[in-house]
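Single-letter residue listing:
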Amino acid sequence: MTEQPIQQSKKTRLLMNVMSENGLILGLFALVSTGLTAVTYVLTKDKIAQEIERSLIRQLSELVPTNSYTNDVYQDCLIVQDKNLLGSAQEQKLYRMRNQQENHALMLTTVAPDGYSGKITLSVAVESSGKLLGINILSHNETPGLGDKIERTKSNWVHQFNNLSLSNTDETEWTVKKDGGQFDALTGATITPRAVIKSVFKSLQFLQSNQQQFFELPSDCYPIEVDKK
Amino acid sequence: MNLSVEHRTIIKGGLWDNNTALVQLLGLCPLLAVTGTLINGLGLGIATTFVLAGSNVTVSIIRHHIPKEIRIPIFVMLIASFVTNVQLIMNAYTYELYLVLGIFIPLIVTNCAIIGRAEAFASKNRILPSFIDGLAQGLGFTAVLMVLGGVRELIGQGTILDGAHLLLGEWAKELTVHFYLTEQKFLFAILPPGAFIGLGLLIAFKNWLHPK
């Protein structure tokens, strides 16, 4: 009767040994693989930020002709935030384009939070007169073949925004025709256009509210070294 | 080609006899999700093949140092960090490709074929066979992705190789073939039901060719 507890404790000790050894090995692997990922992250972080910036600027050239401004847009931007008008509490970027000393245009990144399949991110370019130069969809998860026609490459839908401004439209016009507005919807997708239109309208409101200030504030988005080839 | 019988069996297994998607029925989650077009299929295929070969080699290298009881969590960790590293590096150095393949890379983590090969093959075999196995399994998977993507694309939107320029560069715009033009796409083929039925037909076809 006295033997059993001893055997039991031996077994337990053996089990404990194996467990701690395995735990150690597992921990070691976790350390090495996380460490490797951390090193890669640090090494690629700046390069990734540069690439994102560069592609944003490339998209900007689709909205604002590069020869219409003279300043270095990469280095001339603001970090802005507005939970109501910009769709989320996320920080957004506002790029400023100037022709010599003259204020030419602003480009804002923003979020339409209520797409059919979640958030749609877009950029909105507006001339200093308040006139829309155009919008670009940056990312979305809308239904292929229906909602994805908001993409510039898939249909002309985004062109409807060109040249509109808060002064030449009425607030009630900023929705799809079905709701009494002036925008065409997409066949089979109404929620997607609604979300984008609303977001563009709010962006215009946001930009107009402080336009002077937006042009004058000192640039505060961390400038990144970009080699322009 | 001077391949040993062993290697030849591995290659044939990966491409056909033991095909990931058609026989093992692994990796269906990303497969069903992205095969809307042929090019999408090709993109996921390339990324998966790369990760499969890499993770197979890594697992094979360390196979003698892993206690049996904890091999699965170790494989999971290895694969996860491998995929994350590939994603970061692609994001930094091949940004254009990343924009296209970017969404597929996290999907690879959901591909149980990777851990399946690590467990079933790489943990028991030498480095070279493991590498060949990863490559063959990956290519077999890619082939199914491309066929399924191609068929769904053709039925759904009447084209083949749409969006080739995203993966291959501007010159590839010429490659797109329009069979018929539709304003309305045939959504049934493009959305997930088309993928399920298409895959079912492919599996049926294989079983008809080679009854078990």
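Structure's up top.
Everything in this summary refers to the structure shown in the same document. (Residues numbered from 1 in each chain as written. Chains lettered and ligands numbered in written order. Predicted model: local features only at pLDDT ≥ 70, side-chain atom pairs only at ≥ 80, totals over all residues. Heavy atoms only, no water.)

Turning our eyes to something else, we now look at the side chain of Ser-33 of chain A. Inspection of the secondary structure assignment puts Ser-33 of chain A in helix H1 (residues 3-63). Here Ser-33 of chain A falls in the buried class, since its relative accessible area comes to 5%. Of note is the side chain of Ser-33 of chain A, whose polar atom sits 2.8 Å from the backbone oxygen of Phe-29 of chain A. Those residues in contact with Ser-33 of chain A that sit more than four places away from it in its chain are Met-77 and Ser-81 of chain B. (Helix = DSSP H or I, 4+ residues; strand = E, 2+ residues; numbered from the N terminus. Buried < 20%, exposed > 50% of the residue type's maximum accessible area, 1.4 Å probe, protein only. Polar contact = N/O pair within 3.5 Å; in protein donor to acceptor, adjacent residues only side chain to side chain. Contact = heavy atoms within 4.5 Å.)

All right, on to the pattern of salt bridges then. Under the defined criterion, the tally for this structure stands at 14 salt bridges over all chains. Close ionic contact of Lys-154 of chain A with Glu-151 of chain A constitutes a salt bridge, the shortest N to O distance being 3.6 Å. Here Asp-17 of chain B makes a salt bridge to Lys-12 of chain B, at a shortest N to O gap of 3.2 Å. Beyond isolated ion pairs, a larger network of salt bridges with shared partners links Asp-76, Arg-96 and Arg-98 of chain A. (Salt bridge = Lys/Arg side-chain N within 4 Å of Asp/Glu carboxyl O.)

This paragraph deals with unusual backbone geometry. Residue and element names in this part refer to chain A. Located in the positive-phi region is Gln-100, a residue other than glycine, with phi close to 55°. A positive phi angle is found at Asn-163, which is not glycine, with a value near 70°. With respect to the helices, strands and loops of the structure, Asn-163 is situated in the loop between strand E5 (132-139) and helix H2 (191-209). Classification of Asn-163 as partly exposed rests on a relative accessible area of 44%.

All names here are of chain A. For H2, which comprises 19 residues, the first-to-last C-alpha distance of 27 Å matches the rise-based estimate of 27 Å (1.5 Å per residue) to within 8%. Considered for burial, the residues of H2 that qualify are Thr-192, Pro-193, Ala-195, Val-196, Ile-197, Ser-199, Val-200, Phe-201, Ser-203, Leu-204, Phe-206 and Leu-207. As for H2, its buried residues are in contact with strand E1 (77-80), strand E2 (92-99), strand E3 (102-115), strand E4 (118-127), E5 and helix H3 (211-216). (Expected span 1.5 Å × (residues − 1).)

Another aspect to go through is the interface of chain B and chain A. By a widely used convention, the size of an interface equals the accessible area lost when the partners come together. At the interface, 24 residues of chain B touch 23 residues of chain A. Surface buried jointly by chain B and chain A totals about 2,100 Å² across both partners, of which 70% is contributed by carbon and sulfur atoms. When the buried area of chain B at its contact with chain A is split by residue, Met-77, Leu-88 and Tyr-95 of chain B rank highest and sum to 24% of it. For the pair chain B and chain A, the number of links is zero salt bridges. Elements supplying a minimum of two residues to the side of chain B that touches chain A: helix H4 (71-93), helix H5 (95-101) and helix H10 (187-190) of chain B. With 11 residues, the single largest contributor to the side of chain B that touches chain A is H4 of chain B. Among the residues forming the side of chain B that touches chain A, the class breakdown is 14 nonpolar, six polar and four charged. (Buried area = accessible area lost by both parts, 1.4 Å probe. Nonpolar A, V, L, I, M, F, W, Y, C, P; charged D, E, K, R; others polar.)

Moving on: the sheet that holds E5 of chain A. All names here are of chain A. One open sheet holds the five strands; their spatial order is E1-E2-E3-E4-E5, and the pairing between them is antiparallel. Only two strands of the sheet have a single neighbouring strand rather than two, namely E1 and E5. With direction set aside, neighbouring strand axes in the sheet form an average angle of 25°. Packed onto the sheet, H2 meets E1, E2, E3, E4 and E5 and runs at close to 140° relative to E3. (Pairing = 2+ DSSP bridges. Axes fitted to C-alpha atoms, helices over the stretch in contact; angles between N-to-C directions.)

All names here are of chain B. Taking 1.5 Å per residue, 18 residues should reach 26 Å; helix H11 (residues 192-209) reaches 26 Å between its end C-alpha atoms and fits that length. Those residues of H11 that fall on the buried side of the exposure criterion are Gly-194, Ala-195, Gly-198, Leu-199, Leu-202, Ile-203 and Lys-206. Buried positions in H11, seen along its axis, are confined to an arc of 160° and lie on one side of it. Residues of H11 that are exposed and point more than 90 degrees away from the buried face comprise Phe-196, Leu-201 and Trp-208. Among the structural elements, helix H1 (5-17), helix H2 (28-34), helix H8 (127-157) and H10 are those in contact with the buried residues of H11. (Arc of directions from axis to C-beta.)

All names here are of chain B. With their axes 7 Å apart at the nearest point, H1 and H8 run at an angle of 25° to one another. One element, H1, and the other, H8, form an angle in the roughly parallel class. Of the two elements, H1 crosses H8, and the hand of that crossing is right-handed. Taken together, the residues of H8 that come into contact with H1 (itself represented by Glu-6, His-7, Ile-10, Ile-11, Gly-13, Gly-14 and Leu-15) are Leu-128, Pro-129, Ile-132, Asp-133, Ala-136, Gln-137, Leu-139 and Gly-140. For the contact of H1 with H8, a count of residues per class yields eight nonpolar, five polar and two charged. (Parallel < 35°, antiparallel > 145°, perpendicular 65-115°, else oblique. Left-handed = near helix turned anticlockwise from the far one by under 90°.)

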